[in-house]
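The residues making up each chain are set out below.
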Amino acid sequence: MEEPVPASASALMSAAARAAHLLVDTPPHLICDDLALRLCRSLPTSPLDYQLAHRDEPVLAAARFSACVRARFAADTLGHVEPRQGVLLGAGLDHPVGDTAGVQWWTVDLPDVLAWRADLYERAGLTDRCCPSQADLTADDLVHALVVAGLDTSRPVMVVWLGGTMYLPDEAVQHVFAQCADLAAGSVLVADFVTPPADRDQAGQAYADALATAVGGHEPWRCQVSAQNLGDWLGESSWQVSRTAAEADAVPAGFWDRRDALKPMRLVQLVEANIPV
């Protein structure tokens, strides 16, 4: 079977980073993503090979930390909210981690990305338990697309948007916030956002530069927003911020008492918001 061309290089690199975390880094671990491991191993070559071969490379270690800490943040949120419906925006190869029992999930992405995702699941002999919903977040009616795919808008929803906001222009991100605000009261949003260069530390900027080189300019970062402006955007769309953290701080106590290649960096801001009941 011919190896498929990735519809999203960044999505494949993120999956490889999550998969490598348990194999390369020492405990404590942020997540265990066996599914990402099986998806990556279904390919003759993937970024997982580089992760395993160069485990002490700072850029690859930064990729592991960034991908895993945002998944951990979402899993922690899922542990204390009520919604039994979940949506992964710009899903790529993401899937829910943590205790997802009783939660029905939808993946929203462009048609070619969803087709690529389905092909990788088939190659790996896996069943994707998320329902696909095709939508262009810059142009389509997101809620309508989800309703067509079976979402019940009368019940609260957990919307997870990880590793995707940075690829859209500011106005598109704000438009998604506004659309999702039409979901039922009690709905929750978890997202991550790249901060402007002035808010980054040296390690965060080095990772940003390396990632831009790795994707060859094909997936440039557009939205880079400060924590203050992010709060304003959410408030303008009736979202109430309930939790926010820099990625370096969104880890369990004692996590940074370690001797492997993982190091704290400040590049991404994580946020949890809700539609008040």
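Our structure's up above, just so we're on the same page.
Cut-offs used in this document
- Each chain has its residues counted from 1, following the order in which its sequence is written.
- Local features in this predicted model are restricted to residues whose pLDDT is 70 or higher, and side-chain atom pairs enter the listing and the counts only when it is 80 or higher, whereas totals over whole chains, interfaces and linings include all residues.
- Side-chain metrics rest on all non-hydrogen atoms present in the structure, leaving aside hydrogens and water.
- Secondary structure elements follow DSSP: runs of H or I no shorter than four residues count as helices, runs of E no shorter than two count as strands, and numbering proceeds from the N terminus.
- Radius of gyration means the value over C-alpha atoms here, while the globule rule gives 2.2 Å times the residue count to the 0.38 power.
- Note on exposure labels: buried denotes an accessible area under 20% of the residue type's maximum, exposed denotes more than 50%, and partly exposed covers the range between, all computed with a 1.4 Å probe on protein chains only.
- Should any heavy atoms of two residues lie within 4.5 Å, those residues are counted as being in contact.
- Surface exposure here means Shrake-Rupley accessible area, sampled with a 1.4 Å probe, where a residue is shielded only by the protein chains that are shown.
- By the counting rule applied here, Lys and Arg register as positive and Asp and Glu as negative, while His and the ends of each chain are not counted.
- Taken as the charge location is NZ of Lys, CZ of Arg, CG of Asp or CD of Glu.
- Put simply, a nonpolar core is a bunch of buried Ala, Val, Leu, Ile, Met, Phe, Trp, Tyr and Cys residues held in one set by side-chain atoms that sit within 4.5 Å of each other.
- Each residue after the first adds 1.5 Å to the expected span of a helix.
- Our arc is simply the arc of the directions from the helix axis toward the C-beta atoms.
- We place a 1 Å grid over just the protein atoms. Points where a 1.4 Å probe fits but has no way out form a cavity, open points with protein on both sides within 12 Å along at least 5 of 7 lines form a pocket, and any residue with an atom within 4 Å of a point lines it.
- Grid points are joined across faces, edges and corners, and a volume is the space filled by probe spheres set on the points.

### Brief notes about the overall build of the chain
Here comes step 1: Counting secondary structure elements, the chain contains nine helices and seven strands.
Here comes step 2: Whereas a compact globule of 277 residues would reach a radius of gyration of roughly 19 Å, the chain reaches 18 Å, a difference of no more than 12%.
Here comes step 3: For the C-alpha atoms alone, the extent of the chain along its principal axes is close to 50 × 45 × 35 Å.
Here comes step 4: A burial count over the chain gives 52% of its 277 residues as buried.
Here comes step 5: Nonlocal contacts in the chain, meaning residues at least 24 apart in sequence, comprise 76% of its contacts between residues at least 6 apart.
Here comes step 6: Total accessible area computed for the chain in this model is approximately 12,300 Å², and 52% of it derives from carbon and sulfur atoms.
Here comes step 7: For the chain, the centre of its 19 positive side-chain charges and the centre of its 36 negative side-chain charges are spaced 8 Å apart.

### A closer look at the nonpolar core
Here comes step 1: Core analysis: the largest hydrophobic core is formed by 43 residues, its most contacted members being Leu-30, Phe-65, Trp-105, Val-160, Val-190 and Tyr-207.
Here comes step 2: No other element matches the twelve residues that helix α4 (residues 58-78) contributes to this core.
Here comes step 3: Residues in contact with Val-190, not counting those within four places in the same chain, are Phe-73, Ala-74, Thr-77, Met-158, Val-159, Val-160, Trp-161, Leu-162, Val-271 and Glu-272.
Here comes step 4: Formed by 33 residues, the second largest nonpolar core is a distinct cluster that contains Val-108, Ala-145, Leu-146 and Leu-234.

### Notes on helix α5 (residues 111-124)
Here comes step 1: For α5, which comprises 14 residues, the first-to-last C-alpha distance of 20 Å matches the rise-based estimate of 20 Å (1.5 Å per residue) to within 8%.
Here comes step 2: Buried residues of α5: Val-113, Leu-114, Trp-116, Arg-117, Leu-120, Tyr-121 and Ala-124, and no others. Relative to the axis of α5, the buried residues are bounded by an arc of 160° and lie together on one face.
Here comes step 3: Against α1 (9-24), α2 (34-41), β2 (104-109) and β3 (131-134) lie the buried residues of α5.
Here comes step 4: The first or second residue beyond α5 is Gly-125, which carries a positive phi of 70°.

### Description of the layout of surface pockets
Here comes step 1: Reported here for the largest pocket is a volume of approximately 840 Å³.
Here comes step 2: Around the largest pocket, the lining comprises 43 residues; the ones closest to its centre are Ser-8, Ser-10, Gly-163, Tyr-167 and Glu-219.
Here comes step 3: Listed by contribution, the elements that provide at least two residues to the lining of the largest pocket are α1, α4, β2, α5, β5 (188-194) and α8 (202-214).
Here comes step 4: Per element, the largest residue contribution to the lining of the largest pocket is five residues, and it comes from α1.
Here comes step 5: Every residue along the wall of the second largest pocket is listed here: Met-13, Pro-47, Tyr-50, Gln-51, Val-59, Leu-60, Ala-63, Tyr-207, Ala-210, Leu-211 and Ala-214.
Here comes step 6: Of all elements in the fold, only α3 (47-53), α4 and α8 reach the threshold of two or more residues within the lining of the second largest pocket.
Here comes step 7: The element contributing the most residues to the lining of the second largest pocket is α8, with four residues.

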